[in-house]
Amino acid sequence: MQTLKYLNGYPDHLQQSARELLAQGRLGEVVKRRYPQPHSVRNDRQLYDYVQALKERHLRQSAPLGKVLYDGKLQVLKHALGLHTAISRNHGGKLKASREIRIATVFRDAPAEFLRMIVVHELAHLKEAEHNKAFYQLCQHMEPDYHQLEFDLRLYLTALDHEAS
């Protein structure tokens, strides 16, 4: 039986449905039909503006972001949803913190809903460091379909992985 690395932890019946669609060569087509609209966020500046707009709408009181960019070095398997970091530096005896969000470049060509879900996920880390109940409640506050989008994103990644091999 083929292991589906992006779907580990999901129920067997969902994994089996994904395997059947893969065997038929239709998984990518099904995801593209459900999410036909690509996003228009093509470069780092546009990504920064996009993230800032969502942050202003939902997390005005959170710490400012120092950097937001597409990162070609992120390994999708390890950081499938991007990477959020807080970097502290000493400046003249004062400790300055800079927060960064990095999104894997594979998502530059992803459907618009998936980019939004990834950004929501990374923004939620500004308030909640761990993937706990409060974290997922915040994600759902910012994106009501968060859980469905996360699952569909994992199907998308599975289809891309299968097409590449």
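Structural notes, computed from the coordinates.

The rules we used
Residues numbered from 1 in each chain as written. Predicted model: local features only at pLDDT ≥ 70, side-chain atom pairs only at ≥ 80, totals over all residues. Heavy atoms only, no water. Helix = DSSP H or I, 4+ residues; strand = E, 2+ residues; numbered from the N terminus. Buried < 20%, exposed > 50% of the residue type's maximum accessible area, 1.4 Å probe, protein only. Contact = heavy atoms within 4.5 Å. 1 Å grid on protein atoms, 1.4 Å probe; cavity = no way out; pocket = protein on both sides within 12 Å on 5 of 7 lines; lining within 4 Å. Points joined across faces, edges and corners; volume = space filled by probe spheres on them. Nonpolar A, V, L, I, M, F, W, Y, C, P; charged D, E, K, R; others polar. Expected span 1.5 Å × (residues − 1). Arc of directions from axis to C-beta. Salt bridge = Lys/Arg side-chain N within 4 Å of Asp/Glu carboxyl O. Core = buried A, V, L, I, M, F, W, Y, C linked by side-chain atoms within 4.5 Å.

This paragraph deals with the overall build of the protein. Each helix and strand in the protein was counted, giving six helices and three strands. Counting from the amino terminus, helix and strand elements in the protein follow one another as α-α-α-β-β-β-α-α-α. Across the 165 residues that make up the protein, the buried fraction comes to 43%. Look at the contacts in the protein between residues 6 or more apart in sequence, and 65% of them connect residues 24 or more apart.

Looking now at empty space enclosed by the protein. Inspection of the entire model under this criterion finds one cavity of 30 Å³ or more. What the largest cavity holds in volume is close to 40 Å³. Every residue lining the largest cavity is listed: Gly28, Val31, Lys32, Tyr156, Ala159, Leu160 and Glu163. Counting only elements with at least two residues in the lining of the largest cavity, the list comes to α2 (27-34) and α6 (146-164). For the lining of the largest cavity, the element with the highest residue contribution is α6, accounting for four residues. In terms of residue class, the lining of the largest cavity is built from four nonpolar, one polar and two charged.

When you line up the elements, aspartate 152 lands in helix α6. Apart from residues no more than four positions distant in its own chain, aspartate 152 is found in contact with Val31, Arg34, Tyr35 and Phe114.

Now for the environment of threonine 105. With respect to the secondary-structure elements, threonine 105 resides in the loop between β3 (94-104) and α4 (112-127). For threonine 105 and asparagine 43, which are 62 residues apart along the polypeptide, the C-alpha to C-alpha distance reads 9.9 Å. The contacts of threonine 105, once residues within four sequence positions are left out, are Tyr70, Asp71 and Gly72.

Let us now look at helix α3 (residues 44-58). The end-to-end C-alpha distance of α3 is 21 Å, a good match for the 21 Å that 15 residues give at a rise of 1.5 Å each. Turning to α3, its buried residues number three or more, namely Leu47, Val51, Gln52, Leu54, Lys55 and His58. Seen from one end, α3 has its buried residues packed into an arc of 165°, which puts them on one side. Facing away from the buried side of α3 by more than 90 degrees, the exposed set consists of Arg45 and Arg57.

This part is about the pattern of salt bridges. As enumerated under the stated definition, the model contains nine salt bridges in all. The closest approach of N and O atoms between aspartate 161 and lysine 5, which form a salt bridge, is 3.3 Å. With aspartate 161 in helix α6 and lysine 5 in the segment before α1 (12-23), this pair connects stretches of sequence that are 156 residues apart. Since its relative accessible area comes to 31%, aspartate 161 is described here as partly exposed.

The next subject is α6. For α6, spanning 19 residues, the distance from its first C-alpha to its last is 27 Å, which sits close to the expected 27 Å at 1.5 Å a residue. The set of residues buried in α6 consists of Tyr146, Leu149, Glu150, Phe151, Asp152, Leu153, Arg154, Leu155, Tyr156, Leu157, Thr158 and Ala159. Close packing links the buried residues of α6 with α1, α2, α4 and α5 (133-142).

This paragraph deals with the nonpolar core. The biggest cluster of nonpolar side chains holds 44 residues, and the ones touching the most others in it are Leu47, Val51, Ile103, Phe107, Phe114, Leu123 and Leu153. Listed by contribution, the elements that provide at least two residues to this core are α1, α2, α3, β1 (65-71), β3, α4, α5 and α6. Counting residues per element, this core draws most heavily on α4, at nine residues.

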